[in-house]
2 protein chains.
Amino acid sequence: MPKNAFYAQSGGVTAVINASACGVIETAREFARQYPDKIGKVYAGRDGIIGALTEDLIDTSLESATDIARLRHTPGGAFGSCRYKLKSLDEHRAQYERLIEVFRAHDIGYFFYNGGNDSMDTAWKVSQLAATLDFPLVCVGIPKTVDNDLALTDNCPGFGSVAKYVATSMREAGFDVASMARTSTRIFVLEVMGRHAGWITAACGLASEAEGEPPHILLFPEIPFDPDAFLTRVKQCVERYGYCAIAVSEGLHDADGRLIADMGVKDAFGHAQLGGVGQVVAQLVKDKLGHKYHWALADYLQRAARHIAARTDVEQAYAVGRAAVEAALARQTAVMPVIRRVSDAPYAWEIALAELKHIANVEKKMPRDFIAPDGFHLTEACRRYLSPLIEGEDFPPFVRGLPDYARLKNIAVAKKLAAFEV
Amino acid sequence: MPKNAFYAQSGGVTAVINASACGVIETAREFARQYPDKIGKVYAGRDGIIGALTEDLIDTSLESATDIARLRHTPGGAFGSCRYKLKSLDEHRAQYERLIEVFRAHDIGYFFYNGGNDSMDTAWKVSQLAATLDFPLVCVGIPKTVDNDLALTDNCPGFGSVAKYVATSMREAGFDVASMARTSTRIFVLEVMGRHAGWITAACGLASEAEGEPPHILLFPEIPFDPDAFLTRVKQCVERYGYCAIAVSEGLHDADGRLIADMGVKDAFGHAQLGGVGQVVAQLVKDKLGHKYHWALADYLQRAARHIAARTDVEQAYAVGRAAVEAALARQTAVMPVIRRVSDAPYAWEIALAELKHIANVEKKMPRDFIAPDGFHLTEACRRYLSPLIEGEDFPPFVRGLPDYARLKNIAVAKKLAAFEV
């Protein structure tokens, strides 16, 4: 009897996580035709790992080949994702055992977990428990995170498309504010994602390819915020270029580790903290230097912007999904496909396998030599690293002027077990 | 002796105002070759009308045909714009006379003013004064505004591209939040431009093409905000669909005309108003219904997003620039080319001329029958009107993964007059 596969999406979704799902499902279907004794259906967890715990499985075999192919250009998580971290085996052993119970009930022999370093930790623990229980389960992680903070891989699928979106947006807003600076807005701030690692902020810097081109200042979570040095730099920019465009990481903090986002704003009753760091930083400039500002908060727009995805990113997202299935069929367990860079220019890459235990819970920050000595911009080394990741376009089809994205049927597999509380 | 032309960009810039500039300059060059006794060079005002007042003129004849052609796909204002309104002829007669003096000094016989209804008012007044002073000047307005609030034209160049951007962004963010709703974010709010008219907010609604598709709620400046009705609707959406996606106009206000943006947030010292209406509305949902939210503030990104411009919009922006020059050469003065809709589906349009005096200072709001009876969505009539405006793509060329936009040389014409304070 062939074993079925279980696939789940985990954590914040991206513009290309469904391209990985597409890679998994298309490759599994291909193998199922070739080796019908080895692999059967792919079940997806509805809302991620919660779908496994609650036995809420989606039968992807009921989706047409066309719809599965359309996942490649559809943002978000087609089966739902969740923010739900399984803790240590000691604390939550019942949950891990429940997973195995569900897998057993549905003949699941392959577990694919598409997420960040938390999820790789979960996948690793599941593989350990399966071994302990003598349950034959191949566990393969699939990298995904806009934060680009996974270890051992050249980059993380999802990141390149955010990078392309923020660099494009910053370039475009730069043209706008440059036009308006004489009589109106002189300061523009774009707040981007990145609580601990400044990769997305650095990517904004790709928009600046010559002296004076925006953005002029990047504020990284790796560099404690120094208001005086920052204001001096803003003043210089406005004097030299007539305006100043700034990108800031949501995780910007001061030397004591306090988030700058927490410093500016309270609600009318003084109790709740509102506003983003982009606004706090912009308001600081207005208060101290008197310039009118505009600010933008890209929020979900940046990670959902499939319309401006990087072709490289889409190809890599698909490739890691495909490689995960290939690895699983070769009985490789507790591994994750990673992207290995062969050369910068022209960019060449290949897929390799890394062990989950070396990826779980490790956070890759920006190397210091990717940030300019003064802390306010990226270096040439960083540009060499980032530039290939935003290359190529892969526009989705448009219908009636809008991207035509897939909505799956997501039909549930009949339950076989008693309910389980999560 | 041929007369030169003066062209200026006014007010907030757009993704396609340079396409109008391209239409003006290419058409003027074409006519100058054909009728060298009629039209000479095109001078552009550096930073808009301020460039005329300060005699800071840019000689566009020094730009290559290639660079002028590239304006068609470059956002922002290539010559700079300004927020500077000339007041009444009585109050500011000296300024109007200065304009005429500069035009006389540089042999300018054609005045093209590319802007919104304020600018059409200025162009109209300049035409009146020129007539009074017996100065031979043809004044032609060129429509531009993301707000879509100009009278007598089917729509305003600049609006269609913002509409396509916000509808695309809303659709994409909708896919994201739908994926996350089970355990995390259930509310997503996108704040868009529109102080008095809800056209951009309505355009977000194009993303919803079937029952349940996001956005679920649109908050228009034309409809006084009713918190209770709004919260009831949010509650329904979360119950039915698991989440709720909302688009809100920056100009949303209550029944007494107070801006909702002013209600939520003060800075840490209680004196400055910060935050956007998007956040106030989202925080209201959190406070009353307890749902986690995300919000995005598109700000300049929406009006600068040339990468996702609507092809129809680019074509119309170019066409009104071209038609302005044709009208001027035909000695039509105090007019503005307008877009006349011939049919909805398939969309067909043509260019006509309207008189500036009927456009100046008139603000076109959303008709009430474009807004659903309950005030929270658009109607089919509105969809029929809006849908053609976002049709077609016109992606710019990309180099190194980023849109390749034109930066002109912008070389100044030698001054001939004494300085003038603005």
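Residues numbered from 1 in each chain as written. Chains lettered and ligands numbered in written order. Predicted model: local features only at pLDDT ≥ 70, side-chain atom pairs only at ≥ 80, totals over all residues.

## Quick notes on the relation of the copies chain A and chain B
Alright, step 1. If you rotate chain A by 180° and push it 0.0 Å along the axis, it lands on chain B with an RMSD of 0.0 Å. Interpreted geometrically, this transformation is the action of a two-fold axis. When C-alpha distances to the rotation axis are compared across chain A, the minimum falls at L297 of chain A, with a value of 2.4 Å.
Alright, step 2. Here 100% of the interface residues in chain A have copies in chain B that are interface residues too; the copies meet face to matching face. (Least-squares fit on C-alpha atoms with pLDDT ≥ 70 in both. Contact = placed C-beta atoms within 7 Å.)

## Structural notes on the pairing of strand β6 (residues 187-192) of chain B
Residue and element names in this part refer to chain B.
Alright, step 1. Among the six residues that make up β6, six are buried, leaving the element largely enclosed by the rest of the structure.
Alright, step 2. Along β6, one buried face is formed by I187, V189 and E191 and the opposite face, lined by F188, L190 and V192, is buried too.
Alright, step 3. Two strands pair when backbone bridges link them, and β6 and strand β10 (residues 293-297) are joined in this way by five bridges, in the parallel orientation. Across the sheet, the residue bridging to E191 is L297, located in β10. (Buried ≥ 20, exposed ≤ 12 C-beta atoms within 10 Å, placed from the backbone. Helix = DSSP H or I, 4+ residues; strand = E, 2+ residues; numbered from the N terminus. Pairing = 2+ DSSP bridges.)

## A word on the interface of chain A and chain B
Alright, step 1. Chain A puts 67 residues into the contact, and the matching count from chain B is 67 residues.
Alright, step 2. Those elements that place two or more of their residues in the side of chain A that touches chain B are α6 (159-180), β9 (265-267), α10 (277-289), β10 (293-297), α11 (300-304) and β14 (402-403) of chain A.
Alright, step 3. No other element matches the 13 residues that α6 of chain A contributes to the side of chain A that touches chain B.
Alright, step 4. Residues that form the side of chain A that touches chain B fall into these classes: 33 nonpolar, 19 polar and 15 charged. (Nonpolar A, V, L, I, M, F, W, Y, C, P; charged D, E, K, R; others polar.)

## Topic: the domain arrangement of chain A
All names here are of chain A.
Alright, step 1. Entries for chain A in the domain assignment read domain 1 (3-145 + 310-361 + 394-403) and domain 2 (159-304).
Alright, step 2. One C-alpha centre belongs to domain 1, the other to domain 2, and the line joining them spans 35 Å.
Alright, step 3. Across the boundary between the two partners, domain 1 contributes ten residues, which contact seven residues of domain 2.
Alright, step 4. Looking at the side of domain 1 that touches domain 2 residue by residue, the class counts come to four nonpolar, five polar and one charged. (Domains from an automatic or database assignment.)

## Looking at the nonpolar core
Soluble globular proteins tend to bury their nonpolar side chains together.
Alright, step 1. Membership of the largest hydrophobic core comes to 294 residues, with the highest contact counts inside it found for F111 of chain A together with F111 of chain B.
Alright, step 2. Every residue in contact with F111 of chain B, bar those within four places of it in the chain, is listed here: F6, F103, A123, V126, L137, V138 and C139 of chain B. (Core = buried A, V, L, I, M, F, W, Y, C linked by C-beta atoms within 7 Å.)

## Regarding the packing of helix α4 (residues 93-105) of chain A against helix α5 (residues 117-132) of chain A
Each pair of packed helices can be described by the angle between their axes along with the distance between the axes.
Residue and element names in this part refer to chain A.
Alright, step 1. At a minimum axis distance of 10 Å, the contact between α4 and α5 shows a crossing angle of 70°. Relative to α5, α4 is oriented roughly perpendicular. Counted together, Y96, L99 and I100 of α4 and K125, V126, L129 and A130 of α5 form the full contact between these two elements.
Alright, step 2. Its residues placed into classes, the contact of α4 with α5 shows six nonpolar, no polar and one charged. (Axes fitted to C-alpha atoms, helices over the stretch in contact; angles between N-to-C directions. Parallel < 35°, antiparallel > 145°, perpendicular 65-115°, else oblique.)

## Quick notes on the environment of D56 of chain B
Residue and element names in this part refer to chain B.
Alright, step 1. Here D56 shows up in the loop between α2 (49-53) and β3 (57-59).
Alright, step 2. By the C-beta count within 10 Å, which is 18 here, D56 ends up partly exposed.
Alright, step 3. Here the alpha-carbon distance between D56 and A348, two residues 292 residues apart in the chain, equals 40 Å.
Alright, step 4. If we skip the residues at most four places from it in the chain, D56 touches R46, G51 and A412.

## A short note on helix α1 (residues 17-34) of chain B
All names here are of chain B.
Alright, step 1. Spanning 18 residues, α1 covers 26 Å between terminal C-alpha atoms, matching the ideal 26 Å at 1.5 Å per step.
Alright, step 2. For α1, the complete set of buried residues consists of I17, N18, A19, S20, A21, C22, G23, V24, I25, E26, T27 and A28.
Alright, step 3. The secondary structure elements touched by the buried residues of α1 are β1 (3-9), β2 (39-45), α3 (65-70), β4 (108-115), β5 (138-143) and α12 (311-329). (Expected span 1.5 Å × (residues − 1).)

## Observations regarding the packing of helix α8 (residues 227-241) of chain B against helix α10 (residues 277-289) of chain B
All names here are of chain B.
Alright, step 1. Running from amino to carboxyl end, α8 crosses α10 at an angle of 75°, the nearest separation of the two axes being 11 Å. Accordingly, the angle class assigned to the pair α8 and α10 is roughly perpendicular. Of the residues in α10, those in contact with P227, L231, V234 and K235 of α8 are L284, V285, K288 and L289.
Alright, step 2. Partitioning the contact of α8 with α10 into residue classes produces six nonpolar, no polar and two charged.

## Some thoughts on the pairing of strand β12 (residues 348-355) of chain A
Alright, step 1. Pairing between strand β11 (residues 335-343) of chain A and β12 of chain A: eight bridges, direction antiparallel. Bridged to R340 of chain A within β12 of chain A is E350 of chain A.

## Side note on the environment of V325 of chain A
Residue and element names in this part refer to chain A.
Alright, step 1. As for its placement among the helices and strands, V325 is situated in helix α12 (residues 311-329).
Alright, step 2. Since 27 C-beta atoms lie within 10 Å of it, V325 is described here as buried.
Alright, step 3. The sequence separation of V325 and F31 amounts to 294 residues, and the corresponding C-alpha distance is 8.8 Å.

## Some points on α10 of chain B
All names here are of chain B.
Alright, step 1. Across its 13 residues, α10 extends 18 Å between first and last C-alpha, which sits within 8% of the 18 Å expected from 1.5 Å per residue.
Alright, step 2. For α10, every residue scored as buried is listed here: V277, G278, Q279, V280, V281, A282, Q283, L284 and V285.
Alright, step 3. Just downstream of α10 lies G290, where phi reads positive at about 80°.

## Examining unusual backbone geometry
A negative phi holds for most residues other than glycine; trans holds for most peptide bonds.
Residues and elements named next belong to chain A.
Alright, step 1. Put simply, A345 and P346 share a cis peptide bond, and its omega is 0°.
Alright, step 2. Structurally, P346 can be placed in the loop between β11 and β12.
Alright, step 3. With a phi close to 55°, D107 is a non-glycine residue in the positive phi region.
Alright, step 4. A positive phi angle is found at N148, which is not glycine, with a value near 60°.
Alright, step 5. Turning to its location among the elements, N148 is positioned in the loop between β5 (138-143) and α6.

## Section: the environment of G48 of chain A
Residue and element names in this part refer to chain A.
Alright, step 1. Note that G48 resides in the loop between β2 (39-45) and α2 (49-53).
Alright, step 2. With 39 residues separating them in the primary sequence, G48 and Q9 have C-alpha atoms 4.9 Å apart.
Alright, step 3. Contact partners of G48, with chain neighbours within four places excluded, come to A8, Q9, S10, G80, S81, C82 and Y84.

## As for the confidence of the model for chain A
Caution applies to low-pLDDT regions: their predicted coordinates should not be interpreted in detail.
Residues and elements named next belong to chain A.
Alright, step 1. Confidence along chain A averages 95 in pLDDT terms, with 97% of residues attaining 70 or more.
Alright, step 2. The low-confidence segment residues 267-274, where pLDDT is below 50, has 18 contacts with residues more than four positions distant or belonging to other chains.
Alright, step 3. This prediction of the complex comes with two scores: 0.97 for pTM and 0.97 for ipTM. (pLDDT = per-residue confidence, 0-100.)

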